[in-house]
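# Examining the three-dimensional arrangement
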Amino acid sequence: MKLPMEMTIGDIANLIGGRVVGPADTKVSSFSPSPLAAKEGDLAVFFEAKMLKQLPQVKASAVILPEGTETDLPAIYVERPLVVMQKMLGVLGPKRFYPAAGVHPTAIVDPSVKLGKDVAIGPLVVIGPNCEIGDKTKIMAGTILGGKVKIGNDCLLHPGCLIADYSQIGNRVILQQGASIGSDGYSYVTQKMSNMERRLAGIRELVDESNPHLKIPNIGYVVIEDDVEVGSNATIDRATVGTTKIGAGTKIDNLVMIAHNNQIGREALIIAQTGIGGSCVIGDRAILAGQAGLKDHLTVGKDAIVEAKTGVMRDIGEREIVTGTPAEPMREFFTGLAYKRKLPKMNSEIKALNKKVEELEAKLASLMAEKQLAK
Amino acid sequence: MKLPMEMTIGDIANLIGGRVVGPADTKVSSFSPSPLAAKEGDLAVFFEAKMLKQLPQVKASAVILPEGTETDLPAIYVERPLVVMQKMLGVLGPKRFYPAAGVHPTAIVDPSVKLGKDVAIGPLVVIGPNCEIGDKTKIMAGTILGGKVKIGNDCLLHPGCLIADYSQIGNRVILQQGASIGSDGYSYVTQKMSNMERRLAGIRELVDESNPHLKIPNIGYVVIEDDVEVGSNATIDRATVGTTKIGAGTKIDNLVMIAHNNQIGREALIIAQTGIGGSCVIGDRAILAGQAGLKDHLTVGKDAIVEAKTGVMRDIGEREIVTGTPAEPMREFFTGLAYKRKLPKMNSEIKALNKKVEELEAKLASLMAEKQLAK
Amino acid sequence: MKLPMEMTIGDIANLIGGRVVGPADTKVSSFSPSPLAAKEGDLAVFFEAKMLKQLPQVKASAVILPEGTETDLPAIYVERPLVVMQKMLGVLGPKRFYPAAGVHPTAIVDPSVKLGKDVAIGPLVVIGPNCEIGDKTKIMAGTILGGKVKIGNDCLLHPGCLIADYSQIGNRVILQQGASIGSDGYSYVTQKMSNMERRLAGIRELVDESNPHLKIPNIGYVVIEDDVEVGSNATIDRATVGTTKIGAGTKIDNLVMIAHNNQIGREALIIAQTGIGGSCVIGDRAILAGQAGLKDHLTVGKDAIVEAKTGVMRDIGEREIVTGTPAEPMREFFTGLAYKRKLPKMNSEIKALNKKVEELEAKLASLMAEKQLAK
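Each chain carries its own residue numbering, running from 1 in the written order of its sequence. Here every chain gets a letter starting at A, and every ligand a number starting at 1, in the order they are written. Side-chain atom pairs in this predicted model are given and counted only at pLDDT of 80 or more, local residue features only at pLDDT of at least 70, and totals for whole chains, interfaces and linings cover all residues. Only hydrogens and water are removed before side-chain values are computed, so all heavy atoms of the structure are retained for them.

This part covers the packing of helix H4 (residues 330–374) of chain B against helix H4 (residues 330–374) of chain C. Put simply, H4(B) and H4(C) touch, their axes get as near as 9 Å, and they point 30 degrees apart. Comparing the axis directions of H4(B) and H4(C) gives the class roughly parallel. When you trace H4(B) past H4(C), the crossing you get is left-handed. Angles shown run from 0 to 180 degrees and are taken between the N-to-C directions of axes, each axis being a line fitted to C-alpha atoms and, for helices, limited to the stretch in contact. Numbering goes from the N terminus for both helices and strands, where a helix is a DSSP run of H or I of at least four residues and a strand is a run of E of at least two. Geometric relationships in this document are graded by angle, where less than 35 degrees denotes roughly parallel, more than 145 denotes roughly antiparallel, 65 to 115 denotes roughly perpendicular, and other angles denote oblique. By the definition used in this description, the sense in which the near helix is turned from the far one sets the handedness, with an anticlockwise turn below a right angle giving left-handed and a clockwise turn giving right-handed.

Here it is as structure tokens:
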């Protein structure tokens, strides 16, 4: 990525807060996040520890490195190169195409809607009655808001998002394209005792006739706090009663399913295709890795880690790390795997023991018999 | 939730069909589905058995309880409090924002479309040629119907639903936002024998050259019977030939994937992120819990339960309850788990046995040797 | 399906390249892909080996069969009946409703967009600045393209697709409804060391304070090569830097999640609800079956098969077939299952051995004691 102008690494170090080793007047004209592809004139950033082994082959004019690394190249040392990269990409990256401030003539905005300053509403956006949109928020093409939706300042709603009635969204929230907020939860009741209830009550006779699932109306809504991001085509259901809440700073990946009445903490990470059953409580900074699944009414503690593909059927404590289905502590899971691999050996040992014991029994029997005879 | 006016619990009991214990002229002015949050003037409903232990702390003026519960508070006893709650939420819940009857001026409805009485078509809805929409059906903003789609009476299609050509939808069907009906199934054929076919035929030599997957046209369509609900961003593929059918009263949760040619029974429950391979047959009232996966061409019997995250690779019988991957009967799965936990003990026992048997062998050998010597 | 006119099977054999056995002047007037439902006048196709057992009951006037099958009916023998069926369905299937060539008056196409010949743009389509659309490509209702998107010739974009800035799409690509291309990847960094980093560094003290996840801008984009198909509501994230690439001829099913920077080979099959972590490399013709999950930074070799629901945490070699979580070779997985089933027997054998060894010890001890006494 071209820098806006040629700069010395001394100037850049001042801007990003780093320490120069080597000639501070080394000039660079572009920034490279791929050290191996960097060439003369580039400032290459080593943003992951495992990239450091590429250092000897690098042809960049200068490098950004974490403290504690050695090189002969002119270098800017920083504490967290990935943070530098994050800032540089934000400044230097190619421009994205957002709607201009104002309301696109094809957008359909109910007259009762309150729009903040410098709001940008793209083409074919629909905003229902009594919504409020905060300052500088951008709503991209084809996104649809129901009635009484409230959205804070500086939000970015990508195209094709669907946000149902009464949803409350904070500031600086990003919704990726196709995200669905506030769909009805999955809650039904049958007029007569259902076969599922019969089984739970220990009744063996099931009934083979219609017993319709009656929809329980969802009178609650979704609250998304500040700085949340929701991935593409993810779904967050509204609450049956009360709220489904996503805490500030939590990041939700694509195709995640968050059911009704969940209470998700702050700065949690919920990774792709994870599904959380109704009424769960997820602690701050908990990490639910990809394709994890949680039964309803569970609690996951602060800083807990639910590994990818884990099936959780019990509460998870603070800081606990679990994996497997049903979820068990990481260590137990791997102990279990190790024992599983020992099974063929265990089985042959049992066979061998059986044989030896038979031989022993035979020998002992003959010894006893002899003795008996000897008497 | 405020009642429309102050009422006596005697009057309410008459309306909902309950039995009053305590003063029938007790007056209430609002309805609370959260007993612990209820205050004077509230009628609180205990709709789940586990809420009953909160009963002593409740400050409501009266309570709705299941038969067989005791309290000093004025109470209305009913058989199924959750059914009462379901009705009350429907009557008292805040209004949702649906399009008004008629066709919004920005909707694009082909002139050949037949609209029933009191149909409500929201903004930016697209309805293709020769569609038929039944009486009182509501189609919300941005939902798109292809050609020859037929939709029954009293349906509610939330915003952003996508319904492809020839789909047939019954009465009182609800599609949550972003639901996708009638996308093409995943069916391909290669002109030459594929490497997969080679392997199945026991041919070890694979071919490292292009052998394109040719798309098999999908000439079938989707049939959704009465009273079905489909969750947000769920997908139901059309049939290759014939129909993909969802039986009456079946409820499908968010992000579920139903592949081509499935035949789903009546009043089944298919929970979030479950995926069903092509051409499966699912029985009435079967329950497929969250993130379950079914291989194609399988049958699941009536009233069977496939637990969450189960991977099904064989037919499942009526009333069978299965879990695990590959799916096995619930009981076997838990027996298996119990044995897995015994493995460390089994392994040490084998070691101890080995040692004891060696000692026995040694002792016996020395005994035999002594005897030999003695001769 | 009615043929356009009555034809002899001799003429049809000439058209599709087959060999007639029986009277070549047998006349048929329709084509049936369901042999058991076929009646007189039908030409029935047996496109799957397992259908062949239905052959004796078939009432069709003629049949299409794979070489090596016997019948008394007039027959056309072909090498791959499924390929014949694929072609026949394409020619005879009911018409689908595509937009007419030209730009629908309600579409919003930026003046800078370059449209090829015979492009068809449906209602309410949005095309952002500087896009290029190739000849004969069809873009259906409500699909939204950001800026600088390039789409090749003969593509079909179903309704409601969302294609973000800079996406590059080849020729003959099909996107099913609701497919999302180019959403931002899931990449964050924290200003201070995160609790996750602390744990990895072996630091036991975690910090219970805010440490926000800063979004790493995604300056890369998505490249989809020729002949790719993407399923309904599937999501493909753009690259952080560089490209997320889907190789020519690869087919992606519904609700699949492909994270940032993936490099997917040619003619791969990625089946429903599979999720691939960031920066993976997937070989040509690899098959990832339904609900499989891959950790980030993995490599899957050519012609490898990852079975349904597999959780992959290591690289997979060429032609390897893996299953289970964590993924292991198919054979080992089934050996493991077999041993698991032996556990109850192994456990009773250990118990029996314990008893026998105790008895042996007792007998031997008494023998020794006797001997001692005898001295």
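Next up on the list: the pairing of strand S20 (residues 180–183) of chain C. All names here are of chain C. Strands are labelled as partners when DSSP assigns at least two bridges between them. Judged from the two bridges that link them, strand S17 (residues 162–163) and S20 form a sheet pairing that is parallel. Opposite Ile163, over in S20, you have Ile181 as the bridge partner. Relative to strand S25 (residues 235–237), S20 runs parallel, the two being bridged by three bridges. In the sheet register, Ser180 faces S25, and the bridge partner there is Thr235.

Another aspect to go through is helix H1 (residues 9–16) of chain B. Residue and element names in this part refer to chain B. Classification of residues uses two cut-offs on accessible area relative to the type maximum, computed with a 1.4 Å probe and protein chains only: under 20% is buried, over 50% is exposed, and between them is partly exposed. Buried within H1 are the following residues: Ile9, Gly10, Ile12 and Ala13. The buried side chains of H1 occupy one side of the element, clustering within an arc of 160 degrees when seen end-on. Away from the buried face of H1 by more than 90 degrees, exposed residues Asn14 and Leu15 are located. Here, two residues are considered to be in contact whenever any of their heavy atoms come within 4.5 Å of each other. Buried residues along H1 sit against strand S1 (2–8), strand S2 (19–21), strand S3 (27–32), strand S4 (42–45), strand S5 (62–66) and strand S6 (75–78). Just downstream of H1, Gly17 is the residue with a positive phi angle, here 75 degrees. The arc in question is traced by the directions running from the helix axis to the C-beta atoms.

A few words now on the relation of the copies chain C and chain A. Least squares is used to superpose the copies, and the fit set is the C-alpha atoms of residues whose pLDDT is at least 70 in both copies. With an RMSD of 0.1 Å, the operation that places chain C on chain A is a rotation of 120 degrees combined with a shift of 0.0 Å along the axis. Overall, the copies show the geometry of a three-fold rotation axis. Interface overlap between copies is the fraction of interface residues in one copy that are interface residues in the other; for chain C against chain A it is only 19%, indicating separate surfaces.

Domain ranges listed in this record stem from an automatic or a database domain assignment. Along its sequence, chain A is carved into domain 1 (2–92), domain 2 (161–326) and domain 3 (335–375). Each of domain 1 of chain A and domain 2 of chain A has a C-alpha centre, and these two points are 42 Å apart.

Moving on, we get to the interface of chain B and chain C. Each partner contributes residues to the interface: chain B has 84 residues there, and chain C has 73 residues. Roughly 6,200 Å² of surface becomes buried between chain B and chain C when both sides are summed, with 62% attributable to carbon and sulfur atoms. Computed with a 1.4 Å rolling probe, the buried area is the accessible surface lost when two parts are put together, summed over both parts. Counting the surface chain B buries against chain C, the share from its top three residues, B:Tyr186, B:Arg199 and B:His213, is 11%. Here, a salt bridge means any side-chain nitrogen of Lys or Arg that lies within 4 Å of a carboxyl oxygen of Asp or Glu. At the boundary of chain B with chain C, the tally comes to seven salt bridges. Of the charged contacts, one joins C:Lys302 and B:Asp208 as a salt bridge, the two residues approaching to 2.7 Å between their closest N and O atoms. Two N or O atoms form a polar contact when they lie within 3.5 Å of each other; inside protein one atom must be a possible hydrogen donor and the other a possible acceptor, and for residues adjacent in sequence the pair counts only when both atoms belong to side chains. Seen at the junction of chain B and chain C, the total is 38 residue pairs in polar contact (both at pLDDT 80 or more). Secondary structure elements with two or more residues in the side of chain B that touches chain C: strand S17 (162–163), strand S20 (180–183), strand S21 (188–190), helix H3 (195–200), strand S22 (213–215), strand S25 (235–237) and H4 of chain B. Residue polarity follows a fixed list, in which Ala, Val, Leu, Ile, Met, Phe, Trp, Tyr, Cys and Pro are nonpolar, Asp, Glu, Lys and Arg are charged, and the others, Gly among them, are polar. Grouping the constituent residues of the side of chain B that touches chain C by class yields 38 nonpolar, 26 polar and 20 charged.

Right, let's get into the relation of the copies chain B and chain C. The transformation that overlays chain B on chain C combines an axial shift of 0.0 Å with a rotation of 120 degrees, and the residual RMSD is 0.0 Å. A share of only 19% of interface residues in chain B that are also interface residues in chain C marks the association as one of differing surfaces.

Residue and element names in this part refer to chain B. With respect to the secondary-structure elements, Asn261 resides in the loop between strand S28 (257–258) and strand S29 (263–264). Separated by 3.3 Å, the side chains of Asn261 and His260 make a polar contact. Once residues within four sequence positions are removed from consideration, Asn261 is found in contact with Arg238, Ala239, Thr240, Val241, Thr243, Thr244, Ser279 and Cys280.

Bringing the environment of C:Asn233 into the picture now. Along the chain, C:Asn233 turns up in the loop between strand S24 (229–230) and S25. Spatially, the C-alpha atom of C:Asn233 lies 4.5 Å from that of C:Gly178, the residues being 55 residues apart in sequence. Residues within four places of C:Asn233 in sequence aside, it is in contact with A:Asn233, A:Leu255, B:Gly178, B:Ser180, B:Asn233, B:Ala234, B:Thr235, C:Gln177, C:Gly178, C:Ala179 and C:Leu255. A polar atom in the side chain of C:Asn233 sits 3.1 Å from the backbone oxygen of B:Asn233.

Residues and elements named next belong to chain C. Two rings belonging to Phe, Tyr or Trp (six-membered ring only in the last case) form a pair when the distance between their centres is within 6.5 Å. Interplanar angles under 30 degrees mark stacking, angles over 60 mark edge-to-face geometry, and anything in between is tilted. If you walk through the whole model with that rule in mind, you get nine aromatic pairs over all chains. Pairing Tyr186 with Tyr188 gives two aromatic rings, centres 5.1 Å apart and planes at 85 degrees, and the pair type is edge-to-face. Just as Tyr186 is buried, Tyr188 falls in that class too.

The next point concerns the state of the cysteines. We call a pair of cysteine sulfur atoms a disulfide when they lie within 2.5 Å. Inspection of the entire model under this criterion finds zero disulfides over all chains. Here B:Cys131 stays unpaired: no disulfide links it, and the sulfur of B:Cys155, its closest cysteine neighbor, is 13 Å away.

Along an α-helix, residues three or four positions apart point the same way, because every turn accommodates 3.6 residues. Take the number of residues in a helix, subtract one, and multiply by 1.5 Å to get its expected span. In this model, helix H2 (residues 81–92) of chain C (12 residues) spans 16 Å end to end at C-alpha, consistent with the 16 Å of a helix rising 1.5 Å per residue. Buried within H2(C) we find C:Pro81, C:Val83, C:Val84, C:Met85, C:Gln86, C:Met88, C:Leu89 and C:Leu92.

Before going further, it helps to spend a moment on the interface of chain C and chain A. The interface of chain C with chain A comprises 85 residues on the first partner and 75 residues on the second. Surface buried jointly by chain C and chain A totals about 6,200 Å² across both partners, of which 62% is contributed by carbon and sulfur atoms. When the buried area of chain C at its contact with chain A is split by residue, C:Tyr186, C:Arg199 and C:His213 rank highest and sum to 11% of it. Here chain C and chain A share seven salt bridges between them. Where C:Asp165 meets A:Arg96, a salt bridge forms, and the shortest distance between an N and an O atom there is 3.1 Å. Where chain C packs against chain A, one counts 38 residue pairs in polar contact (both at pLDDT 80 or more).

The next point concerns the environment of C:Arg172. All names here are of chain C. As for its position among the elements, Arg172 is in the loop between strand S18 (168–169) and strand S19 (174–175). What makes Arg172 partly exposed here is its relative accessible area of 42%. Along the sequence, Arg172 and Ser34 sit 138 residues apart, while their C-alpha atoms lie 29 Å from each other. What Arg172 contacts, discounting residues up to four positions off in sequence, is Asn153, Asp154, Cys155, Asp226, Asp227 and Val228.

Once that is clear, we can look at unusual backbone geometry. All names here are of chain B. In this structure, Pro326 follows Thr325 across a cis peptide bond, with omega equal to -5 degrees. Positionally, Pro326 belongs in the loop between strand S38 (321–323) and strand S39 (328–329). We note that Leu124 has phi near 60 degrees; this positive angle belongs to a residue other than glycine. Note that Leu124 resides in the loop between strand S10 (120–121) and strand S11 (126–127).

One can find B:Asp237 in strand S25. For the purpose of counting charges, residues Lys and Arg are taken to be positive, whereas Asp and Glu are taken to be negative. His and the chain ends are not included. B:Arg238 provides the closest opposite charge to the buried, salt-bridge-free B:Asp237, at an N-O distance of 8.5 Å. Among the polar contacts made by the side chain of B:Asp237, one reaches the side chain of C:Asn254 at a distance of 2.9 Å.

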